2 protein chains.
Amino acid sequence: MKPTIKDVARHANVSIATVSRILNQTSVGYSKKTEKLVMQAIEELGYRPNAVARGLINNKTQTIGVLFPDVSGMLTSELLYGVEEVTHRLGHSVIFCNTSSSGEKTLDYLQLLSEKRVEGIIFGSSFLTDAYYEAIAAMNVPAVLVSTKSQKHQLPYVKVDDKDAAYAATAHLIKKGHRRIAMLSGNPADIVAGKPRIDGFKEALLDFGLARIDEEPLVFAGNGFSYEDGRDLFTRLIKAESDVTAVFAASDEMAIGAMSTAYQMNIRVPDELSIIGYDNLKISEMAIPPLTTVEQPLRAMGRKAAELLFEGMETGATGKSIIMPHRIIERQSVKQLV
Amino acid sequence: MKPTIKDVARHANVSIATVSRILNQTSVGYSKKTEKLVMQAIEELGYRPNAVARGLINNKTQTIGVLFPDVSGMLTSELLYGVEEVTHRLGHSVIFCNTSSSGEKTLDYLQLLSEKRVEGIIFGSSFLTDAYYEAIAAMNVPAVLVSTKSQKHQLPYVKVDDKDAAYAATAHLIKKGHRRIAMLSGNPADIVAGKPRIDGFKEALLDFGLARIDEEPLVFAGNGFSYEDGRDLFTRLIKAESDVTAVFAASDEMAIGAMSTAYQMNIRVPDELSIIGYDNLKISEMAIPPLTTVEQPLRAMGRKAAELLFEGMETGATGKSIIMPHRIIERQSVKQLV
DNA sequence: CGAAAAAGAGTAAACGTTTACGTAAACCGA
DNA sequence: TCGGTTTACGTAAACGTTTACTCTTTTTCG
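Residues numbered from 1 in each chain as written. Chains lettered and ligands numbered in written order. Predicted model: local features only at pLDDT ≥ 70, side-chain atom pairs only at ≥ 80, totals over all residues.

Q: Can you walk me through the overall build of chain A in this structure?
A: From N to C terminus, chain A includes 13 helices and twelve strands. What you see for chain A is a C-alpha radius of gyration of 26 Å, clearly larger than the 20 Å of a compact globule of 338 residues, by over 25%. Projecting the C-alpha coordinates of chain A onto the three principal axes gives extents of approximately 90 × 35 × 35 Å. Among the 338 residues that make up chain A, the fraction classed as buried is 50%. Summarising the internal contacts of chain A: among those between residues at least 6 apart in sequence, 70% fall at separations of at least 24. (Helix = DSSP H or I, 4+ residues; strand = E, 2+ residues; numbered from the N terminus. Rg over C-alpha atoms; globule rule 2.2 N^0.38 Å. Buried ≥ 20, exposed ≤ 12 C-beta atoms within 10 Å, placed from the backbone. Contact = placed C-beta atoms within 7 Å.)

Q: Please clarify how the protein's contact with DNA strand C should be interpreted in this entry.
A: Close to DNA strand C lie 27 residues, the nearest being S15 and A17 of chain A together with I5, A17 and S20 of chain B. Put simply, the parts of the chain that give the surface near DNA strand C at least two residues each are α2 (16–23) and α4 (51–58) of chain A together with α2 (16–23) and α4 (51–58) of chain B. Residues belonging to the surface near DNA strand C are distributed by class as follows: 15 nonpolar, ten polar and two charged. (Near = placed C-beta within 6 Å. Nonpolar A, V, L, I, M, F, W, Y, C, P; charged D, E, K, R; others polar.)

Q: Quick question: what am I supposed to make of the protein's contact with DNA strand D here?
A: Every one of the 27 residues lining DNA strand D counts as a neighbour, but I5, A17 and S20 of chain A together with S15 and A17 of chain B are closest to it. Contributing elements (two or more residues each) for the surface near DNA strand D: α2 and α4 of chain A together with α2 and α4 of chain B.

Q: Please clarify how the relation of the copies chain B and chain A should be interpreted in this entry.
A: Copy one and copy two of the chain differ by a rotation about an axis and a translation along that axis. Overlaying chain B with chain A gives an RMSD of 0.0 Å, the required rotation being 180° about an axis along which the chain moves by 0.0 Å. Considering both components of the superposition, the chain copies are consistent with a two-fold axis. Across chain B, the rotation axis passes nearest the C-alpha of I95 of chain B, at a separation of 2.2 Å. Of the interface residues in chain B, 100% have counterparts in chain A that sit at the interface too, so the contact is made through matching surfaces. (Least-squares fit on C-alpha atoms with pLDDT ≥ 70 in both.)

Q: Explain the packing of helix α6 (residues 106–115) of chain A against helix α7 (residues 130–139) of chain A to me, please; I cannot follow it from the model alone.
A: Helix-helix packing is described using two parameters, namely the angle between the two axes and the distance between the axes. All names here are of chain A. Contact geometry for α6 and α7: axes closest at 10 Å, N-to-C directions at 0°. Compared by their axis directions, α6 and α7 come out roughly parallel. Between α6 and α7, the contacting residues are T106, L107, L110 and S114 on the first element and A131, Y132, A135, I136 and M139 on the second. Taken together, the residues of the contact of α6 with α7 break down into seven nonpolar, two polar and no charged. (Axes fitted to C-alpha atoms, helices over the stretch in contact; angles between N-to-C directions. Parallel < 35°, antiparallel > 145°, perpendicular 65-115°, else oblique.)

Q: I would appreciate a short explanation of the interface of chain B and chain A in the present structure.
A: Taken together, the contact between chain B and chain A spans 42 residues of the former and 42 residues of the latter. Only α4, α5 (74–89), β2 (93–98), α6 (106–115), α11 (252–264) and α12 (282–286) of chain B provide two or more residues apiece to the side of chain B that touches chain A. Per-element accounting of the side of chain B that touches chain A gives the leading share, nine residues, to α5 of chain B. Tallied by class, the residues present in the side of chain B that touches chain A amount to 21 nonpolar, 13 polar and eight charged.

Q: Sorry if this is basic, but what is going on with the sheet that holds strand β9 (residues 274–279) of chain B here?
A: The strands making up a sheet associate through hydrogen bonds between their backbones, and the pairing can be parallel or antiparallel. All names here are of chain B. A sheet is described by the order of its strands in space; here six strands give the open sequence β7-β6-β8-β9-β10-β12, paired in mixed fashion. In this open sheet, the two edge strands, each paired with only one partner strand, are β7 (218–221) and β12 (327–329). If you compare each strand with its neighbour and ignore which way they point, the axes differ by 20° on average. Of the pairings in the sheet, the one linking strand β10 (residues 292–295) to β12 comprises three bridges and is antiparallel in character. Bridging from a neighbouring strand, E295 pairs with R327 of β12. (Pairing = 2+ DSSP bridges.)

Q: Please explain the sheet that holds strand β12 (residues 327–329) of chain A as it appears in this structure.
A: All names here are of chain A. Strand order across the open sheet formed by six strands is β7-β6-β8-β9-β10-β12, with mixed pairing between neighbours. Each having just a single partner strand, β7 (218–221) and β12 make up the two edges of the open sheet. Taking the axes of each pair of neighbouring strands and ignoring which way they run, one obtains an average angle of 20° across the sheet. In the sheet, strand β6 (residues 181–185) pairs with strand β8 (residues 246–249) via four bridges, with the strands oriented parallel. By the bridge assignment for β8, I181 is matched with A246.

Q: Could you clarify how one ought to interpret the domain arrangement of chain A in this entry?
A: In many analyses, interface size is given as the accessible surface area lost on bringing the parts together. By domain assignment, chain A separates into domain 1 (5–49), domain 2 (58–160 + 298–324) and domain 3 (162–296). Of note, the centres of domain 1 of chain A and domain 2 of chain A, computed from C-alpha atoms alone, are 37 Å apart. (Domains from an automatic or database assignment.)

Q: Help me understand the packing of helix α10 (residues 227–240) of chain A against helix α11 (residues 252–264) of chain A in this model?
A: Residues and elements named next belong to chain A. Where α10 meets α11, the axes come as close as 7 Å, and the angle between the chain directions of the two elements is 50°. Classified by the angle between their axes, α10 and α11 sit oblique to one another. The crossing of α10 and α11 is right-handed. Contact residues: Y227, E228, D229, G230, R231, F234 and T235 in α10; E253, M254, A255, I256, G257, A258, S260, T261 and A262 in α11. (Left-handed = near helix turned anticlockwise from the far one by under 90°.)

Q: Please explain helix α13 (residues 298–315) of chain B as it appears in this structure.
A: Three or four residues apart is the spacing at which side chains of an α-helix point the same way, because the helix has 3.6 residues per turn. All names here are of chain B. The first and last C-alpha atoms of α13 sit 26 Å apart over 18 residues, in line with the 26 Å expected at 1.5 Å per residue. Of the positions making up α13, those classed as buried are L298, M301, G302, R303, K304, A305, A306, E307, L308, L309 and F310. Residues of α13 that are buried in the fold lie against β1 (63–68), α5, β3 (121–124), β4 (143–146), β5 (157–160) and β11 (322–324). G316 sits one or two residues past α13 and shows a positive phi near 85°. (Expected span 1.5 Å × (residues − 1).)

Given below as structure tokens:
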């Protein structure tokens, strides 16, 4: 078995208390000489402190739990990247939980994380139900939401302002001379990412005087933000409307789905139709043509979320939520109209 | 603070030993009556066993460590998805480490995982150096490699046979009537994913009698497998060769880079040039045109790796390596020549 | 030089469990 | 009825640390 502190103590002819003091760098309670002795013993035995035992007595596991709906999603994986980066930089570890991998396991996960005594929770990218909130609250550790928020429950969050960002995307199209603009949206019942983006779209139309009094804005709504949703909605759009010159897709995946369908229909982007996306995933620059989109700084969001969490873990206070800046990334899918 | 087993014992008027026995379902050593009593106390107090204390005494943390170079990569995130899925199904947790997030931290990570007493290691998708191997060996827990292998060190791995898969991709092009085929490859010095794919390519050419005696096969080699590599290599290819009718790219990202560049050069895929990729990432079906590619069953590989690891954790034996099946996914980027 | 203060180091309790061992009560068959 | 077996449960040690409390030795300085 692995050597313990006792082995080190015996080997160096000191007590375990001394070894412990040296290990914890208290820099008080031992002489240079014994330190050297002990360090040598540690070296020789290849001793490494047992974090489990430490965790038990300190009540600190140096571990946080991270719950995301789908790592394999490009959005989620970027967030995780950011979270992991600062977490490890700060000497902690992340236990990763993929909440959508097998059914309704979120509550089980929270239970598990609670038993493992994680010191904080990052919950990302999906709706915080009452049950989830209760479970998190019961754990009595700080938690932060990332890329989602909850109006009902008071947890700090890190996200961009979806409405503002959608407004900016729409305004960009308008400034490029487009007048007849449609939106491919997520589920309007989705209060965190669905509705706000639709609202931003509508508001921009209104502000720039493009909302016709006699009709509703052109919003084609799906259930999610996927590539397939993009394809379906775009198909519906084309069937219904022919005079649209620009489309705002509520996600990059949708935008790519739309572009792909447009390609099959022989509609040329951006010459015949302009498309702007949302997220700035890696695929958006790989698209043909490269996709103009509104960026969410995903890695930075992950980092910020972790920083916020650690702040909470240190101070005990629940920090302030953070609105991250969005930004239009101009590439080649939007054409300037004369 | 959270209630402990002592609180439960006191509350139910029994000893902690009894509570422990009931918790562990030993189903021996207590009566139905006390069980009911204890369960009720647990319920009332909202007691949850402390996994840290359990871990200390059992020497089992129910946690494995997973090291991948870049979660945000589409390949890696799929692997992680699979690993996480079975790990959690088996009641364990995964501590995730992103080895490339900040410099050369792999050794630090391994150290950390060792101190946290993880029960196993999954190391993915990058080269296993001697130092890494030493560190893993020193931990004295099973480890498995996924999407990589090491000939020097005896660790079981889960991966597809790169040479076979590359052979299959090349053969596919040949069967579609192509005779003049180029390859966009990774680094030939990369012994695990670079060279084998090149070898597979060359071998197929040879087997089908397409290797001209007077010249080397057309392999354009880069440093990695990225989109940019794909762009660069494809540009070089076009400058150098004009009579190529098909290209085998050593990764989907490269293939997409190539297609994107082709688009800009007004080379039409697949009409003027066929392209086959490697990996079958999500983006490959989103590409324009949808990319024909050779699939690596990434999630399944992640799952298998985890299963292999748990097998090792139970039996103590180091399991056998597993070669996963590859498969040609036919989409629309390869044209049948008459 | 001697007393007080500081420094070095050890002892043992504690963290929250599991489990070997012990013991008393209940059961059981003849 | 009684010896023996089973069942129910408690006591206490152990897991590998940290740390409060000691005690001893050294240092400081009037």
